[in-house]
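Listed below, chain by chain, are the residues.
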Amino acid sequence: MMKLTTLALVAGFVSVATVLPSSAQFAAANFPGGPNYPTSHNEHNCADEMGHMRRVNVFDIDGIRDRSVWLHPVCEDLTVPGKNNYGTLFINGNVNVLREPIARNRLLMNALEAKGYDEYDVVSLRFGARNSVILYVHQRDMN
């Protein structure tokens, strides 16, 4: 009988030892100083789709020739709450003051016009792999 009781106690301790650590992570989340788990919210931040963009200048844009140009639409799905609320998206992009050099670059304008965009729809520009250029674009309300 003693063996059976000992075996039951050991099994109980093993069960508790395996369950307690996993439940501790959830308990700690409810106390200040616990892990910081991001909360889900309905508001969408358009800039999150782009990530960090390095600074671009006039010389970078003027030097774009013989490259493949890709367009990446940002926040154009109007079915998602907050998607058309782009706020400071254009101001915080890395081409805010470079619309004129973009308009002068025929390669960039051909790619934009082929998809129904113009230089005012460009939010940011990133140089990609294999000598490519990625233009992050957002179709404005007025267009």
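Residues numbered from 1 in each chain as written. Predicted model: local features only at pLDDT ≥ 70, side-chain atom pairs only at ≥ 80, totals over all residues. Heavy atoms only, no water.

An account of unusual backbone geometry is needed here, citing residue identities and associated values.
Its identity is not glycine, yet aspartate 66 carries a phi of approximately 50°, on the positive side. By the secondary structure assignment, aspartate 66 is in the loop between helix H2 (58-62) and strand S1 (68-73). One non-glycine residue, asparagine 131, lies in the positive phi region at around 60°. Its place among the elements puts asparagine 131 in the loop between strand S2 (122-127) and strand S3 (132-137). For asparagine 131, a relative accessible area of 41% gives the class partly exposed. (Helix = DSSP H or I, 4+ residues; strand = E, 2+ residues; numbered from the N terminus. Buried < 20%, exposed > 50% of the residue type's maximum accessible area, 1.4 Å probe, protein only.)

Residues and numbers for helix H5 (residues 106-114), please.
For H5, every residue scored as buried is listed here: Leu108, Met109, Ala111 and Leu112. On an axial view of H5, the arc spanned by its buried residues comes to 160°, and they lie on one face. Those residues of H5 hidden inside the fold are in contact with H2, S1, helix H4 (99-104), S2 and S3. In the segment just after H5, glycine 116 is the residue with positive phi, at about 85°. (Arc of directions from axis to C-beta. Contact = heavy atoms within 4.5 Å.)

Run through the nonpolar core, naming residues and quoting values.
Core analysis: the biggest nonpolar cluster contains 17 residues, and Ile102, Leu108, Leu112, Leu125 and Leu135 have the highest contact counts within it. For this core, the element with the highest residue contribution is H5, accounting for four residues. When near neighbours in sequence (up to four residues on either side) are disregarded, leucine 125 contacts Met53, Val56, Ile61, Ile64, Asn94, Val95, Leu108, Val133, Ile134 and Leu135. Core analysis: the next-biggest nonpolar cluster, separate from the first, contains seven residues, Cys75, Leu89, Val123 and Tyr136 among them. (Core = buried A, V, L, I, M, F, W, Y, C linked by side-chain atoms within 4.5 Å.)

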